[in-house]
Amino acid sequence: MIVKQYIVFITYLNRLTIVLLSAATVLSSCHPASAGSVTPSGQLSGWLTATEDESQLGVRYIPELSLAQRLSSSYEISAEIAVNSQWYSDFSKWDYSDDTLTVDPYRLWARFASPQYEIRGGLQKISFGSAMLLRPLMWFDTIDPRDPLQLTEGVYGLLGRYFFLNNANIWVWTLYGNDDLKGWEGLPTDKSSIEYGGRLQLPILSGEMGFSYDHRSVDTDSIVVDSREQLQNTFPEDRFGIDGKWDLGIGIWFEGTVTYQDLGVIDLHYQRLFTVGLDYTFDIGNGLHVLGEHFESVQAEEAFGSGEQYAISALSADYPLGILDTVTAIVYYNWDEDYWSPFISWQRTYDQWQINVSAFSNPDEPLLEQDNSATTNSFAGNGIQVMLVFNH
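Residues numbered from 1 in each chain as written. Predicted model: local features only at pLDDT ≥ 70, side-chain atom pairs only at ≥ 80, totals over all residues. Heavy atoms only, no water.

1. A short note on the nonpolar core
Within soluble globular proteins, side chains that are nonpolar tend to cluster in buried spots. Residues L133, L134, F295 and Y332 are the most contacted members of the largest nonpolar core, which totals 16 residues. Secondary-structure elements contributing two or more residues to this core are β13 (288-300), β14 (307-320) and β15 (325-334). Discounting residues that sit within four places of it in the chain, L133 has contacts with P145, L291, E293, A314, L315, S316, I330 and Y332. One finds L137, W139, L159 and L175 within the second-largest nonpolar core, a separate group that totals 10 residues. (Core = buried A, V, L, I, M, F, W, Y, C linked by side-chain atoms within 4.5 Å. Buried < 20%, exposed > 50% of the residue type's maximum accessible area, 1.4 Å probe, protein only. Helix = DSSP H or I, 4+ residues; strand = E, 2+ residues; numbered from the N terminus. Contact = heavy atoms within 4.5 Å.)

2. Considerations on the side chain of N178
Tracing the sequence through the fold places N178 in the loop between β7 (169-176) and β8 (194-204). In this view, N178 contacts V155, Y156 and T189; residues no more than four positions away in its chain are not counted.

3. Description of the packing of aromatic side chains
Inspection of every chain in the model, using the stated rule, returns 19 aromatic pairs. Taken together, a centroid distance of 6.4 Å and an interplanar angle of 25 degrees make the contact between F254 and F274 stacked. Of this pair, F254 sits in strand β11 (residues 251-261) while F274 sits in strand β12 (residues 270-282), and the two are 20 residues apart along the sequence. Residue F274 is classed as partly exposed on the basis of its relative accessible area, which comes to 42%. Plain terms: the ring middles of Y333 and W335 are 4.8 Å apart, the flat faces sit at 85 degrees to each other, and that makes the pair edge-to-face. Its relative accessible area of 12% is what places Y333 among the buried residues. Each residue in the set F128, W139, F140, W171 and W173 is aromatic and connected to the rest through ring pairs, giving one cluster. Directly above the aromatic system of W253 lies the positively charged group of K245, at a separation of 5.2 Å from the ring centroid. (Phe/Tyr/Trp six-rings, centres within 6.5 Å; stacked < 30°, edge-to-face > 60°. Lys NZ or Arg CZ within 6 Å of the ring centre and 35° of its normal.)

4. As for the pattern of salt bridges
On inspection of all chains with the given rule, the structure shows 16 salt bridges. In this structure, R161 and E118 form a salt bridge, with 2.5 Å as the shortest nitrogen-oxygen distance. Of this pair, R161 sits in strand β6 (residues 155-163) while E118 sits in strand β5 (residues 117-124), placing them 43 residues apart in sequence. Residue classification places E118 among the buried residues on the basis of a relative accessible area of 6%. The partner of R239 in a salt bridge is D214, and the shortest N-O contact between them spans 2.8 Å. With R239 in strand β10 (residues 234-247) and D214 in strand β9 (residues 207-219), this pair connects stretches of sequence that are 25 residues apart. If you follow the salt bridges from partner to partner, you end up with K182, E185, E195, D214, R216, E237 and R239 in one network. (Salt bridge = Lys/Arg side-chain N within 4 Å of Asp/Glu carboxyl O.)

Here's what the structure looks like:
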């Protein structure tokens with residue numbers, strides 16, 4: 001069964017590669033080389049994750065096609081097409097359990113840009129904020145700092161950005177058709193509604209500050225309540241964010257959000273998330289980079305009132321052993337549950353190849369209850385992972 005699924009997966013890889021290369025050939029023949037560019041690329045990765053209870057063997061291929069066409073000295077159009085195709089097999093106590101084959105769009109967007117503004121529409125990555133390990137502004141992505149590939153699913157929408165001459169910039173977005181959970185969401189967005197928001201980023205002294213807002217309609221179909229309660233089909237949710245980062249000899253930053261949910265059957269309408277962090281590179285050997293963050297979450301009846309809360313601290317250190325090798329260690333501490341979640345990895349990087357070996361010890365449930373469906377690497381439990389990556 002495993003061999004059969006592997007053959008099917010390789011067939012998918014071949015088909016995807018043929019489609020992208022054919023598209024590149026056609027587009028290249030339609031435009032002279034001086035007018036634009038068509039660049040096929042891809043990332044092939046394989047991994048083995050072994051834990052005390054379950055293990056996983058998998059292969060992923062992300063073929064990508066990047067296109068760019070300059071219209072004039074000031075204007076350009078570009079596009080990106082990428083597919084996330086993966087096959088993985090799960091084992092329980094090294095006995096075969098289940099295997100999965102998926103082929104999903106990963107990026108599919110078109111962009112019109114000038115030196116000071118851009119408009120990008122389609123399936124794309126939207127990520128911002130100052131925090132590194134514990135990110136309150138993780139609204140539209142699920143990037144795990146422990147993931148060597150830094151994968152995250154995109155969102156369907158239209159994003160516009162304008163860049164002022166003083167390095168200030170403003171973002172405006174509208175999203176539609178994203179009914180899967182994203183970022184910190186505990187409930188999905190109503191698939192028939194439009195999500196919208198924006199961000200203003202300003203230079204302040206030696207750093208910058210950002211102010212963000214997002215509004216969406218939440219689908220209540222998955223909420224289970226007493227039958228006597230009247231529950232609306234959807235309810236509005238508003239998110240407000242602020243973040244800042246400065247270089248004062250040491251790097252220092254903060255990031256915070258307030259979320260309001262207008263749902264009558266709950267008492268704690270507000271959620272506050274806040275992170276403060278700093279980093280510094282010590283002049284030790286090749287340079288030891290240390291980063292620390294502290295995160296707090298509060299559910300309350302009032303925007304800034306007291307309520308249910310928990311706190312997590314995180315510390316990371318990375319050290320280059322040489323030109324090719326880097327060692328990284330990350331440890332999380334949950335103050336309420338009183339447990340540590342250490343992670344350590346060694347990475348060797350060549351021009352096209354990358355080798356990653358990681359060891360981790362975590363609770364069986366994800367640390368922040370986030371589910372990144374773009375990657376199957378949850379790092380739950382105690383185990384090790386070996387990953388081989390080829391970029392072309």
